[in-house]
Structure formats: C-alpha cells, structure tokens
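# A structural walkthrough
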2 protein chains.
Amino acid sequence: MATKIKRTRKRRALELFDSTLDYGLLSELTGFAIKRANVIDFASFGNTLDDKTVTPLRFSMLNLIGCNPGLQQVQLADALGLSRSATTVTIDYWDERGCVERRSDPADRRSYGIYLTDEGRTRLDRIAGLVAAHDKKFTENLTRAELVELRRLLAKLYMR
Amino acid sequence: MATKIKRTRKRRALELFDSTLDYGLLSELTGFAIKRANVIDFASFGNTLDDKTVTPLRFSMLNLIGCNPGLQQVQLADALGLSRSATTVTIDYWDERGCVERRSDPADRRSYGIYLTDEGRTRLDRIAGLVAAHDKKFTENLTRAELVELRRLLAKLYMR
DNA sequence: TATTGTTATACTCTATAACTATA
DNA sequence: TATAGTTATAGAGTATAACAATA
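This text gives an overview of the structure that appears in the document.

The rules we used
- Residues numbered from 1 in each chain as written.
- Chains lettered and ligands numbered in written order.
- Predicted model: local features only at pLDDT ≥ 70, side-chain atom pairs only at ≥ 80, totals over all residues.
- Heavy atoms only, no water.
- Helix = DSSP H or I, 4+ residues; strand = E, 2+ residues; numbered from the N terminus.
- Buried < 20%, exposed > 50% of the residue type's maximum accessible area, 1.4 Å probe, protein only.
- Contact = heavy atoms within 4.5 Å.
- Arc of directions from axis to C-beta.
- Phe/Tyr/Trp six-rings, centres within 6.5 Å; stacked < 30°, edge-to-face > 60°.
- Lys NZ or Arg CZ within 6 Å of the ring centre and 35° of its normal.
- Buried area = accessible area lost by both parts, 1.4 Å probe.
- Salt bridge = Lys/Arg side-chain N within 4 Å of Asp/Glu carboxyl O.
- Polar contact = N/O pair within 3.5 Å; in protein donor to acceptor, adjacent residues only side chain to side chain.
- Nonpolar A, V, L, I, M, F, W, Y, C, P; charged D, E, K, R; others polar.

### Observations concerning the environment of Ser60(B)
Along the chain, the position of Ser60(B) falls in helix 3 (residues 56–67). Judged by relative accessible area, which is 6%, Ser60(B) ranks as buried. Between the alpha carbons of Ser60(B) and Leu124(B) there is a distance of 10.0 Å; along the sequence they are 64 residues apart. Those residues in contact with Ser60(B) that lie beyond four places of it in its chain are Leu26(A), Phe32(A) and Leu80(B).

Take a look at the structure:
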C-alpha cells in the first residue's frame, strides 16, 4: 500500500523549489533565498518545543528579559523592532503564564521594569537549551568556517 | 528644535542590535541573524511599491502564475509551501483585482488552471521591475563574489 | 506637550477541519 | 475513497489610533 505522506508545514517548506517549475525572478532574489531559509528554520522550531505556543518571537522576548532585567517596555520594543502595542501583548503572554512580572518604577510611575520570575528563569533555561540545539541542527551542513562567513555576509546586509 | 524621528517599521528593523543590550543566546543563533535580514528586507519591500497590499507572498504568487500559466492551485500551493486554503485566499486577492483568472479544466472538473490576465501581465511586469531593483539595493553592500557565496551557503541550509 | 503603557481595531499570514463536487 | 477547491474558524504577528496616567 502506498504510504500517505502528511503535508506538514515543515515538509512543505523543505519541498520549496524541489519542483520543476519556473520560479523566474524569484530564483534570482537574495531576499527570497533568505526568506526560504527563515521558513525552514521557523517550521522546525515548532517541532523542537512541546508547547507550540512558544514561538521564536516569544522566546526572543523572554530571553531578552532574562539577559537584561528591569528594562522598560519601550526599550524591549526597540530592541526587538516591535511597536509598543505588539510589545504589550508579547509581555502579556509571559505575564499570564507567571514567567515575567511588571514592577512599577517609583521614579517614573508611567513605566514598569520587566523581570523574570523564578518560574520564568526555569522555563527560559530549559527552552534556551532546546533552541540552541535546534540552531545547531539547522546549520549542521556548514563547516565552522562557512558558518562564520555566512554570519559575516548577513551582517553586511544590515549595515547602512 | 529636535527633529522628531518617526519610528517606522523599517527604522525599527534597522535599529535592531544597535543598542547596548545583552542579546545572550540570540546573538549566537544563525536563525536569528537570518530572521533579522528577512525583517529588514520585508520592511523595505513595502516602501518599494505604492500599493502596500502587494506583499512579498502575493508578489511571489503572481510571479509564479506568470512563469507557469495553467497550473492547478495544489501545484501552486506546493511550489510556495502553502496550504490549499492559504493558496485560495492568495489567488482570490489577484482574482478580485482582475489580474488572474481561474479556467475550468474540462479534463478534471474539480480543478482549475490559473492564468494571468492582460491586466495581470502588465501589473506583474511593473512590480517585478521594482522588486528586482529593491533586491539589488538590499544587497548593495556585497560584492558579486560575496553574493554568490551567500547564496551558496544559504542553499546548504536547505539541503537535507 | 511628550512619553509610557493599554486597548480597540484591523490586516496579513497561516493552519486545520468540515464541506462540496468530482474522480 | 481520495482529491481539488472553498469556507469557517482560529491563532500569531503586527500596525495605527485613541486613550489614561504621568512627566
């Protein structure tokens, strides 16, 4: 009997460009090649964690809070390139799960300092281990030297 | 007087990592570096076109239809890594604007062949020119050799 | 007046599931 | 039974605008 292959998101991502179609301009765009790498990375990110609601963005936020305790929400927004409202909902996500807390700042009562709770620290440490392993797997086809070169070239794209 | 700088999406994207914050694990992740490049690319994509509703995904779809007239929706879905439902709504977008048409396939009345209209061809040609220029600008900091190398390294990430 | 944060609202992207028509 | 396409629904990501509290 023919095996039924489930068309998961990851499978779809990997099959991109596997066909015999003409991609025209798309195949020449570096932006599209980067997007494609990003799609593959994010698709397998989900399989790394048991809780599918922990997305790359949410992880990034928790990680940043863990590394820089006490930042204001505007600072977190700037650091991740988010609007204030997007930042609010992302922090809400972790707040609702008891992983971060908003402490009022007595010196400026408009703002809060954002801190990890003990629960948040435990969660972050666990997730970070899985994410690091995921990224290692993602880049396993590249040698150490190639990886360094890739990072250098990507960095040149940001320079303005 | 101090100039008020509007915090556009593109500006936010470019400022990522400009701060003195500790990004911890994030700064070591190749996946994050790729995401960042992708964010910058997409943020400026919007500024390239006057019609902000023409997104990278929608452009990709129109381009693919233009290069491969008569494909079924399932084939377009596979080619872009989309679910059938996501494909439907993306084609709907162009259909509503008179740029593509669904022609019933007499040989298999469940499916359609998707084709560009004259209007779609005109639009595609115009947009493609802008997108090509956008990608050239995006990669302007890299030499020709560096660009080739970047594409080679990205391709290694997809290999499985 | 300007800034911090929240809420309301909206649009894009994307999926799964249920459904219709057809194979 | 399986496949092509649509529709309903939902969650994630993201923005702008309006608002309250505070500076």
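### Details of helix 4 (residues 73–80) of chain A
All names here are of chain A. Inspection of helix 4 places Gln73, Leu76, Ala77, Ala79 and Leu80 among the buried residues, and these make up the whole buried set. One side of helix 4 holds all its buried residues, which, seen down the axis, span an arc of 165°. Those residues of helix 4 that are buried lie in contact with helix 3 (56–67), helix 5 (84–96), strand 1 (100–104) and strand 2 (112–116). Immediately beyond the C-terminal end of helix 4, within one or two residues, lies Gly81, with a positive phi of roughly 70°.

### What about the side chain of Thr139(A)?
On the secondary structure map, Thr139(A) appears in the loop between helix 6 (118–138) and helix 7 (144–158). Its relative accessible area of 6% is what places Thr139(A) among the buried residues. Dropping the residues within four chain positions of it, Thr139(A) is found in contact with Leu147(A), Thr30(B) and Leu157(B).

### Regarding the side chain of Asn68(B)
By the secondary structure assignment, Asn68(B) is in the loop between helix 3 and helix 4 (73–80). Setting aside chain neighbours within four positions, we find Asn68(B) in contact with Leu21(A) and Asp22(A).

### Some words on the packing of aromatic side chains
Within this structure, the stated rule accounts for 2 aromatic pairs over all chains. Taking the centre distance of 4.9 Å and the plane angle of 85° together, the rings of Tyr93(A) and Trp94(A) count as edge-to-face. Just as Tyr93(A) is buried, Trp94(A) falls in that class too. Over the ring of Tyr93(A) we find Arg58(A), and its NZ or CZ is 4.0 Å from the ring centre. It is Arg36(B) that lies over the ring of Tyr158(A); its NZ or CZ is 3.7 Å from the centre.

### Some details on the interface of chain A and chain B
The partner chain B presents 61 residues to the 61 residues of chain A that form the contact. Counting the surface lost from both chain A and chain B, the interface buries some 5800 Å², and carbon and sulfur atoms represent 62% of this. The largest contributions to the chain A side of the interface with chain B come from Arg151(A), Tyr158(A) and Arg160(A), which together make up 11% of the buried area. Taking the shortest distance from any N to any O, the salt bridge between Lys156(A) and Glu146(B) comes out at 3.0 Å. For the pair chain A and chain B, the interface holds 24 residue pairs in polar contact (both at pLDDT 80 or more). Secondary-structure elements contributing two or more residues to the side of chain A that touches chain B are helix 1 (9–15), helix 2 (30–48), helix 3, helix 4, helix 6 and helix 7 of chain A. The residue inventory of the side of chain A that touches chain B, partitioned by class, reads 32 nonpolar, 13 polar and 16 charged.

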